Each structure stands twice: as structure tokens, then as C-alpha cells.
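Now for the letters of each chain:
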Amino acid sequence: MSGASSWSFREEDATRIGALLNGLLREANARTALLVDRTGQMLATAGEEPRFDPVAFASLTAADFSANDQLARMLGENEFGALFHQGEKDSLYLADVARRVILVVLFDNRTTLGLVKLRVRSVVEALSALFTAMFAREAGGERGAHVEAGFVDEAEDEIDKLFGT
Amino acid sequence: MSLINYASREVNCKLVYYGPGLGGKTTNLEYIYEKVAPASKGKMISLATETERTLFFDFLPVDLGTIRGFKTRFHLYTVPGQVYYNASRKLILKGVDGVVFVGDSQLERMEANLESMQNLYDNMAQHGLDLTRLPFVIQYNKRDLPNAAPLSELQEALNPGWPVEDPARQRPVPDPSRSGEMLVQEVDGAWVERVPHFEAVALRGDGVFDTLRAISKLVLKTLG
């Protein structure tokens, strides 16, 4: 067992992910694609700027996916690899990526669920390979991700200011 | 698990408030939400029942501002305290960076406190996490109530200390928030470590920010 670790998301990771997500949006004719870490943190967005609070959205997405994972296990399934939430105008399609990340696609009636599902499948494969390599890189390092010297001292000062001394 | 996002220049850390039902976890978050400057806080989300008991979690993002070019944010979560919501509790602990155990000081809640603490250890272990190696603080809430147990009894029950095996760590460490008290010390020939503890009356905010400040600093140290 271990203590908490940290991981990092680099500029080059973001560039490659951005290209994959933008390709997906074009091919599926969807509006927005979001990548959310399973712990509830937003990693990347592409397409139309979301009109909702992305921080809250990420936390609820992770909770949604985790709760459904448990439901799947109750049925004897390992997981539900994808979820679909249908709205009157806007709908969401969520898919697991390498068991660590969730791909969320927001789309409306300019496209169909079938097309979104089809295009998501190939992008999930590419994203899975990318994230698996990224996690292997982190695991291979002697330490987890770290911030530059001076960050902690400065952050402590901010904590004292914000939360009182 | 803290996430350092070099692409969007963000650092995000996840803090979880754990403890028995009706102990004051949500009250802690509500007080923080009320007092933190509007620019520093996001939307507070509560997935609660009609009677305002936490069903899944409460969530409050708090921005520390931009530090060395990185937007730094704490994600504060509570878990549902009632025993039968364990599946939800376990989910919220995924990727946790720091834990606050909110204990209920009332004598008659001692058993519920112990049960919840044991449950916390078990659930952390199921995520492969060792609570003794993670930023962890205890808050004893409801100190104003006439039936509150003495602090020494609560400490003995919930924060008795775990053995320090590593010889390099077998040295006295004072408690930064309590003068004259120790976090690591030798007791009857054996080295033990306790976690920082705080007395609180969360309803009126006493001890709420002391607790948050302590856990935030402990989590940030793990990034350095």
C-alpha cells in the first residue's frame, strides 16, 4: 500500500489529445468533447466552449461513472464501458479510457447516437494507448509528478491568506 | 492523486471529509463556502436526500490563485456518513490526496466514531492506500455540547498513534498547531506518531479553517 501519488499532464500530451478530440468532433458532428480523470478532474476540452461549470461537471461525471461501475459489478459485469444520457436537445455519451479517464461527448440533434458511438470507439483505442503510455511514464519515474522549487512555500502563504492565520 | 496539468497550467488536489453521520462534515463545507471570497470558490454541489442528509457527496472547489504560473485548486468532498452508504463512501475516496476525519465529540457517538474510523482504514486499504502515509488530520466537532467527551478520551480512542518503524523517523516532532504537544514521540520505549487534531464547533465556524489550513499544507508538501 502507498500514500497518495501525483501525476502530470504535459504540453505534448495535450497537443496529441487535442488533435484526437477535434478529429472526433468533426467526424461525429458533435459539439464538445471533454476528458475527465476518474477522480473528478477535468483534463481537456475541445470544440464548443462548455456553457456549464466545467469543474462541477467533471466531479459529477466521475461520480456518475463510478456509481455505474458498481451497478455493473452487481450484475456480474466488469464494467459498463460506456453510458448514454439522453436529453430533449442535448445528450451525453461517456466512454471509459484505460480505466483511468472518461471521454464525454456532448452532441445534439445534428448527429445521431449511432454515429457518435462509432466514432468514439476508434478514438477511445487511440486515447487508451496514449494514456497507458503516459501512466507507464509516470510509474517509471522515481518520484511522482512534482512542482518547481518555491511553489510549496508560496502556496503556503496563499493558504494562510485565504484560510486565515 | 494530485494532478499537475502542465498543458492548462493547473494543480488540483482532492481533500475528503470523512466521519460518522450527522458529525458535521457538510457543515464544515457550508461554512467554508459561506466565508471564502466569491472569486476563490466554485459552485457547491450537494447530492442530498430531501431531508438534507448527504446521499452521495458534497463538492466544493476552492481556488488558491495562481502560484508560480499554476492555477492551484483544492477539491473538497464530503462522504455520506450513514453506515449503509458504504459503496458511495468508497467511490469518493478514489484518488484522495488528504483526509479530514470529522469526529462527533458527544459521548454517545463514540462507537459511531470508532466504526467510521475503522471503515475509513478499510476503504483506503481497498484503494491500495495506507492512511498512515497520507496527509490526515482529525477534527473533534461539537466541542460546545454539554455531553462532549474530554479531548483526552477522544484522542485515546481515535488518535492513539501508530508505531514508527523507520529509524530515520524516530525523532521527536512537535505539533505545529499545539505548543508543547508532540506528533512523534517515544512512549514507554516505543516511537509513536499521532496525526494533528483540532477542536471545532463547525456550526459557528470554530476550528473549521484551522483544520482546512492544516490539511491543505500537508497535501501541498507532498508535491514539493
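Rules of the game
Residues numbered from 1 in each chain as written. Chains lettered and ligands numbered in written order. Predicted model: local features only at pLDDT ≥ 70, side-chain atom pairs only at ≥ 80, totals over all residues. Helix = DSSP H or I, 4+ residues; strand = E, 2+ residues; numbered from the N terminus. Buried ≥ 20, exposed ≤ 12 C-beta atoms within 10 Å, placed from the backbone. Pairing = 2+ DSSP bridges. Axes fitted to C-alpha atoms, helices over the stretch in contact; angles between N-to-C directions. Contact = placed C-beta atoms within 7 Å. Nonpolar A, V, L, I, M, F, W, Y, C, P; charged D, E, K, R; others polar. Domains from an automatic or database assignment.

Some remarks on the environment of A:Glu77
Argument step 1. Assignment of secondary structure puts A:Glu77 in the loop between α2 (54–74) and β4 (82–85).
Argument step 2. By the C-beta count within 10 Å, which is 11 here, A:Glu77 ends up exposed.

Observations regarding the sheet that holds strand β2 (residues 32–37) of chain A
All names here are of chain A.
Argument step 1. Pairing within the open sheet is antiparallel, and its five strands lie in the order β3-β2-β6-β5-β4. Both edges of this open sheet fall to β3 (42–47) and β4, since each of them pairs with a single strand only. Neighbour-to-neighbour, the strand axes of the sheet open up by a mean angle of 15 degrees, direction not taken into account.
Argument step 2. In this sheet, strand β6 (residues 101–107) lies alongside β2 in antiparallel orientation, the contact comprising six bridges. If you follow Leu34 over to β6, its bridge partner there is Val104.
Argument step 3. Contacts between helix α1 (residues 11–28) and the sheet are confined to β2, β3 and β6, with β3 contributing the most and set at about 45 degrees to the helix.

Here's the deal with the interface of chain A and chain B
Argument step 1. Contacts between the two partners involve 43 residues from chain A, matched on the other side by 48 residues from chain B.
Argument step 2. For the side of chain A that touches chain B, the element with the highest residue contribution is helix α4 (residues 151–163) of chain A, accounting for nine residues.
Argument step 3. In terms of residue class, the side of chain A that touches chain B is made up of 19 nonpolar, 14 polar and ten charged.

A word on the domain arrangement of chain B
All names here are of chain B.
Argument step 1. Looking at chain B, the domain boundaries give domain 1 (3–159 + 195–221) and domain 2 (162–194).
Argument step 2. One C-alpha centre belongs to domain 1, the other to domain 2, and the line joining them spans 24 Å.
Argument step 3. Here the residues of the side of domain 1 that touches domain 2 sort into three nonpolar, two polar and one charged.

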